[in-house]
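Next come the chains, spelled out residue by residue.
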Amino acid sequence: MSTADNCPSADSCSTQPEANASIGRMNRPEELNRNMDVSTFVDSNGGLIDRAIYNEPAIYAQEQRRIFARSWLFLAHTSQFKKPGDFFTTFMGEDPIIVTMDKTKKIRAYLNSCRHRGVRLCRADAGATKMFTCSYHGWSFDLAGALKTVPNEKAYPEDFDKNKWSLIEVPNVQEYKGLIFGNWDHEAEPLEEALGDMRYYMDAMLDRDPEGTEVMGGVMKWELDGNWKLAAEQFATDWYHVNMSHASALMVLSPTGKGPKPEIAATPGRQFVSENGHGAGFPTHPKSRFDARPVHEYYDYEMLRERLGDAAVEGPMTTGHATVFPNFSYLPVNGSIRVWHPKGPNKIEVWAWVLVDKSMPDDVKDAQRLYNLRTFGPSGIFEADDGENWSEIQAISGGFVTNRVPLNFQMGIGSEREDGVYPGKTSELYSDAAGRAFYKHWAKIMNTPAWHERNK
Amino acid sequence: MSTPLSIGTVDDIEEGEAKVIPGDENGTGNDIAIFHAEDGNFYALDDTCTHEDASLADGWIEGTEVECPVHSAKFCLKAGTALCMPATIAARTHKVEVNGEELLLHPNVDAIA
């Protein structure tokens, strides 16, 4: 293929090449990317979900194209990058990604695949470098993604132009209070708008400290059998499981050792419902909280009430749960932030960070870290309960009859409203409202062509 | 023998770091990298790796060796010898002299006479 084929016109290439003009440059038969209408899998008004969405390979492939290739996906925390060359490798859907700080201190993200023969360019989890050099033939790219050296370059045709073989860059990287998100759609709705009212609920974790937050240590990673949506949906919408799934953990954690009092087990609370698929639930009973004692003693609640407002301190700052659509979730009480990386329809790789306030003294940070590990680390007393349930759902999803029986998401139908206290629409704490909204948004964008399908 | 070139003081380059004296300043036409090695001494090599176009001053200094930041070829800072693949050609050395606090570079004078 001649280099002229790379350019819409010779002029546009000599001045400003279109971002990532190389993506999908070769034509493919349409059969390869055949999309199905998913509207009948999700009955968001009636509260029914077809189990095929959890284990059908064709739906999973469509999710890669229409969910992960066009949604804002969490990449990393700003505290992971201090000087140029610091990098962190992650995934956007199944696409491998390098996140790095360039020489101008800008955070950039690239497809972690050599432009030559496609090898994963950087295989370290994190570190510092000056160049990303491929281990296969030695093509080498700088922090701005530019191809700098090609061993034996003289053997390439005369019109071989290194400028046309830069790393594929994620065109849209934006930050919200320390959290870095990437989006392959350069025309995507800006991150803050896509988050909308969800920002208020996130602020209850991200904005307690004027200095902001930072992550501690490395990333905990573990694999679960199950579809990524089982985890994302639960963190968006499901307080209902707490008293049952986590019964043993609640016994251990109750101050009396005899279990929570009835008014705490049946705590009131609210659940935020976003039309963009995000969800957050939180108890509002003042004693329904499971925070680590040193952290609780550290906080100046009067200051927090002034900073965040009474409702935020009494609600989403307590023992809440939340998902930013599609696969970023967090728990404000212990600073667990995590991504549910899809690894095929039947497998999740969980990546979990410990988030703390920057101003916390070291001993308080450490108390939070240990508390995080005990409750929601890979063998945490709560975490293990959830993974077991998700894996159980998935394990039997292949049965023909099993798979044809819809799942129930009917709790709290019609309860969504503006309550005058919490921003946006909220439902009761015990409700499937955010789950219904999660799947409604999922179905909507699964049925909407993405940037890579436009003008075709 | 050429006249030595004053290239600053010993405090200008921290141990484990390097700085480049551009070709038009050092008179050879080729950039020269001055390394402050982990043995405390200063060494100079042609900055451009003999394998591909890369700056050795950007590389990783370990002991009295430098590893190219691009393809990981290693060179002896004392003799310029190429120590491993993919480099096969030695890097040109230049003599560095420490005169009190002052660093003097003798461009095109072999470090080991």
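In the nomenclature of an unreviewed UniProt entry, chain B corresponds to 3-phenylpropionate/trans-cinnamate dioxygenase ferredoxin subunit from the organism Glutamicibacter mysorens.

If you check an unreviewed UniProt entry, chain A appears there as 3-phenylpropionate/trans-cinnamate dioxygenase alpha subunit from Glutamicibacter mysorens. Taken verbatim from the UniProt record of chain A, the Sequence similarities (unreviewed entry) comment is "Belongs to the bacterial ring-hydroxylating dioxygenase alpha subunit family."

(A) Local environment of the UniProt feature "domain: Rieske" (unreviewed entry) in chain B. When the UniProt feature table is mapped onto this chain, "domain: Rieske" (unreviewed entry) is found at residues 29-105 of chain B. Annotated as residues 29-105 of chain B, this span is 0% helix and 39% strand, and its ends, taken at the C-alpha atoms, are 15 Å apart.

(B) Spatial organisation of the packing of aromatic side chains. For the structure shown, the criterion picks out 28 aromatic pairs over all chains. Grouping aromatic residues by their ring pairs yields a cluster made of F74(A), F88(A), F91(A), F181(A), F328(A), Y330(A), W351(A) and W353(A). The ring of W60(B) is capped by K130(A), whose NZ or CZ atom sits 4.7 Å from the centre of that ring. Against the face of F91(A) rests K343(A), its NZ or CZ located 3.4 Å from the ring centre.

(C) Representation of the pattern of salt bridges within the structure. Residues and elements named next belong to chain A. One pass over the structure, following the stated rule, counts 26 salt bridges over all chains. The partner of D207 in a salt bridge is K177, and the shortest N-O contact between them spans 3.1 Å. Of the two residues, D207 is situated in the loop between α5 (198-206) and β13 (213-225) and K177 in the loop between β11 (172-176) and β12 (179-183); the sequence distance between them amounts to 30 residues. Note on K177: relative accessible area 33%, which makes it partly exposed. Among the charged side chains, a network of salt bridges with common partners joins K177, D203, D207 and R307.

(D) Just the interface of chain A and chain B, in detail. The partner chain B presents nine residues to the 11 residues of chain A that form the contact. For the pair chain A and chain B, the summed buried surface comes to about 710 Å²; carbon and sulfur atoms form 58% of the total. At the boundary of chain A with chain B, the tally comes to zero salt bridges. In this assembly, chain A and chain B are joined by four residue pairs in polar contact (both at pLDDT 80 or more). For the side of chain A that touches chain B, the per-class residue count stands at four nonpolar, six polar and one charged.

(E) Quick peek at a nonpolar patch on the surface. Residue and element names in this part refer to chain A. On the surface, F400, V401 and V405 cluster together into a nonpolar patch covering about 330 Å² of accessible area. The residue V405 is located in the loop between α15 (400-404) and β20 (407-408) in this model. Classification of V405 by relative accessible area gives partly exposed; the value is 44%.

(F) Region of the structure containing the domain arrangement of chain A. Residue and element names in this part refer to chain A. Assigned domains of chain A: these are domain 1 (35-174) and domain 2 (200-448). Each of domain 1 and domain 2 has a C-alpha centre, and the two are 28 Å apart. Every contact between the two is made by 42 residues of domain 1 and, on the other side, 48 residues of domain 2. Applying the counting rule to domain 1 against domain 2 returns two salt bridges. Here E63 and K229 are joined by a salt bridge, their closest N and O atoms 2.6 Å apart. The greatest single-element share of the side of domain 1 that touches domain 2, amounting to nine residues, is contributed by helix α3 (residues 57-68).

(G) Quick look at the state of the cysteines. Residues and elements named next belong to chain B. Inspection of the entire model under this criterion finds zero disulfides over all chains. Between C49, a free cysteine, and C68, which holds the nearest cysteine sulfur, the sulfur-to-sulfur gap is 4.0 Å. With a relative accessible area of 6%, C49 lands in the buried category. Sulfur of C76: no disulfide; nearest cysteine sulfur belongs to C84 and is 12 Å away.

(H) How the structure looks around the UniProt feature "domain: Rieske" (unreviewed entry) in chain A. Per the UniProt record, "domain: Rieske" (unreviewed entry) is found at residues 73-170 of chain A. Within residues 73-170 of chain A, the helical portion is 0% and the strand portion 35%, while the C-alpha atoms at the span's ends are 11 Å from each other.

(I) Looking closely at the sheet that holds strand β9 (residues 140-141) of chain A. Residue and element names in this part refer to chain A. Here three strands make up an open sheet; going across it, the order is β8-β9-β10 and the pairing antiparallel. The sheet terminates laterally at β8 (132-133) and β10 (147-149), the two strands that pair on one side only. As paired strands, β8 and β9 are joined by two bridges and run antiparallel to one another. Residue pairing across strands places T133 opposite S140, the latter belonging to β9.

(J) Seen up close, the sheet that holds β12(A). Residue and element names in this part refer to chain A. Across the sheet, three strands lie side by side as β3-β12-β11; this open sheet has antiparallel pairing. A strand with exactly one partner marks an edge of an open sheet, and here the two such strands are β3 (73-77) and β11. Taken over all neighbouring pairs, the strand axes of this sheet differ in orientation by 30 degrees on average, direction set aside. In this sheet, β12 lies alongside β3 in antiparallel orientation, the contact comprising four bridges. Within β12, the residue paired with A76 across the bridge is I180. The strands touched by α5 are β11 and β12; relative to β11, the strand with the most contacts, the crossing angle is about 65 degrees.

(K) The arrangement of the environment of R454(A) in detail. All names here are of chain A. Mapped onto the secondary structure, R454 falls in the segment after α16 (433-446). The class for R454 is partly exposed, based on a relative accessible area of 36%. Through-space distance from the C-alpha of R454 to that of A58 is 21 Å; in sequence the pair is 396 residues apart. Excluding its chain neighbours within four sequence positions, the residues that come into contact with R454 are D185 and E187.

(L) Quick look at the pairing of β11(A). All names here are of chain A. When β11 meets β12, the two strands line up antiparallel, connected through five bridges. Bridging across to β12, N172 finds its partner in N183. Hairpin geometry of β11 and β12 is characterised by an intervening segment of two residues between the two adjacent antiparallel strands and by a positive phi of about 45 degrees at K177.

Quick notes on the rules
- Residues numbered from 1 in each chain as written.
- Chains lettered and ligands numbered in written order.
- Predicted model: local features only at pLDDT ≥ 70, side-chain atom pairs only at ≥ 80, totals over all residues.
- Heavy atoms only, no water.
- UniProt positions renumbered as here; feature names shortened; annotations may be inferred.
- Helix = DSSP H or I, 4+ residues; strand = E, 2+ residues; numbered from the N terminus.
- Phe/Tyr/Trp six-rings, centres within 6.5 Å; stacked < 30°, edge-to-face > 60°.
- Lys NZ or Arg CZ within 6 Å of the ring centre and 35° of its normal.
- Salt bridge = Lys/Arg side-chain N within 4 Å of Asp/Glu carboxyl O.
- Buried < 20%, exposed > 50% of the residue type's maximum accessible area, 1.4 Å probe, protein only.
- Contact = heavy atoms within 4.5 Å.
- Buried area = accessible area lost by both parts, 1.4 Å probe.
- Polar contact = N/O pair within 3.5 Å; in protein donor to acceptor, adjacent residues only side chain to side chain.
- Nonpolar A, V, L, I, M, F, W, Y, C, P; charged D, E, K, R; others polar.
- Patch = residues over 30% accessible without salt bridge, like charges linked within 9 Å, V, L, I, M, F, W, Y side chains within 5 Å.
- Areas by Shrake-Rupley, 256 points an atom, 1.4 Å probe, with all protein chains shown as cover.
- Domains from an automatic or database assignment.
- Disulfide = S-S within 2.5 Å.
- Pairing = 2+ DSSP bridges.
- Axes fitted to C-alpha atoms, helices over the stretch in contact; angles between N-to-C directions.

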